[in-house]
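Below, each chain spelled out in residue letters.
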Amino acid sequence: MNDKIENTGEKGHTAQTGYVLVLSDATAQADYLASSILHHAEEKQDGPLCIALSGGSTPKRLYELLGSSEYADRMPWHKIHLFFGDERMVSHTDADSNFHMVKEALLKHIDIPFRNVHPMPVLEDPVKAAEIYQAELQEIYGFETLQKGKPLFDIVLLGLGADGHTASLFPGTPVLQEQEKWVSWSQPSDAPHQRLTLTYPAIASSRFVMFVVSGDSKTQIIREVRDENKPYPSAAITTEGELHWILDRAAGGE
Ligand SMILES: O=C(O)[C@H](O)[C@@H](O)[C@H](O)[C@H](O)COP(=O)(O)O
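Procedures and definitions
- Each chain has its residues counted from 1, running along the sequence as written.
- The model is predicted, so local features are restricted to residues of pLDDT at least 70 and side-chain atom pairs to those at 80 or more, both for listing and for counting; the totals for chains, interfaces and linings are taken over all residues.
- Side-chain descriptors were evaluated using all non-hydrogen atoms of the structure, hydrogens and water having been removed beforehand.
- Strands are runs of DSSP state E lasting at least 2 residues, helices are runs of H or I lasting at least 4, and numbering of each runs from the N terminus.
- Both definitions apply: the radius of gyration is a C-alpha atom measure, and the globule rule equals 2.2 Å times residues to the power 0.38.
- Contact criterion: two residues are considered in contact whenever any of their non-hydrogen atoms come within 4.5 Å of each other.
- Charge convention: Lys and Arg are scored as positive, Asp and Glu as negative, and His as well as the terminal groups of each chain are ignored.
- The atom standing in for a charge is NZ when the residue is Lys, CZ when it is Arg, CG when it is Asp and CD when it is Glu.
- UniProt positions are given in the numbering used here, feature names are shortened, and annotations may be inferred rather than shown by experiment.
- Paired strands are those between which DSSP finds at least two bridges.
- To get an axis, a line is fitted to the C-alpha atoms, and for a helix only the part in contact is used. The angle between two axes follows their N-to-C directions and goes from 0 to 180 degrees.

Here we look at the overall build of the protein chain
Summing up its helical and strand segments, the protein chain has 7 helices and 9 strands in all. Over its C-alpha atoms the protein chain spans a radius of gyration of 17 Å, differing by no more than 12% from the 18 Å that the globule rule assigns to 254 residues. When its C-alpha atoms are laid out on the principal axes, the protein chain stretches across 45 × 40 × 35 Å. Excluding contacts between residues fewer than 6 apart, the proportion of contacts in the protein chain whose partners are at least 24 apart in sequence is 77%. Taken together, the 22 basic and 36 acidic charged side chains of the protein chain have centroids lying 2 Å from each other.

Here you go:
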């Protein structure tokens, strides 16, 4: 298993130029991702491995695997920091909360220092919540302006919605135009909750962006985003590092 894809020197991938890896099924996809994250955590020497977690249902299998007896005690959790790519503005105990999903699938089962887990705050005012999270990131990294070569995240995990959204970058929302802030908010038209989300520049400040997509319901949208570059929010995702589409065969199609 080549979990260290040699970089062709082609730094700075887009959603269209990233690598595609198709695994046989969702279990193999989770296995690949877990072993890849372990590899990156073991390799990283100049500080903690910083991962921005995706919400939604697809990555739950990965989180459960990382929290299972197969990985929980192998991962160097003391040198891993977990952030969130987006969050629903609901209580962290609400079943719709991404933090709740990650806590049930992963955090309850691993020995990770409390200070290494960075949930997005939930407030009545999403603008204030976004400002607080951005301030936390700026405090952690020690800079207030994104710097090429000093990516915020080693790995950003992203899902893909049937409408082409990713994180909480939804079609037609003002956050798609945000090029300065690291964290902002959105109110998707067809979703019940306001959301917090990393912005395009914050996601681009990464060594690896991994789109984790499974199921044949996503085959067409992947094709439209990656191959046809249709103007969906996910099609505008870039990274200063490498972008990987980690798909199961159902999503990857032929
Ligand atoms: O908070 C969220 O829901 C995610 O950040 C969102 O962007 C998700 O990744 C996609 O909607 C795909 O969701 P599924 O994995 O459930 O298809």
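Looking at the UniProt feature "domain: Glucosamine/galactosamine-6-phosphate isomerase" (unreviewed entry) in the protein chain
The feature "domain: Glucosamine/galactosamine-6-phosphate isomerase" (unreviewed entry), as given by UniProt, occupies residues 25-245 in the numbering adopted here. When the span residues 25-245 is considered, its composition is 29% helix and 18% strand, and the gap between its end C-alpha atoms is 14 Å.

Focus on the sheet that holds strand 2 (residues 49-53)
With parallel pairing, the 6 strands of this open sheet are ordered in space as 1-9-8-5-2-3. The open sheet is flanked by strand 1 (19-23) and strand 3 (80-84), the only strands paired with a single partner. Put simply, the sheet's adjacent strands are angled 20° from each other on average, direction ignored. When strand 5 (residues 153-158) meets strand 8 (residues 206-213), the two strands line up parallel, connected through 5 bridges. Directly across from Phe-153, in strand 8, lies its bridge partner Ser-206. Strands in contact with helix 6 (residues 219-227) are strand 1, strand 8 and strand 9 (242-248); relative to strand 9, the strand with the most contacts, it is inclined by about 160°.

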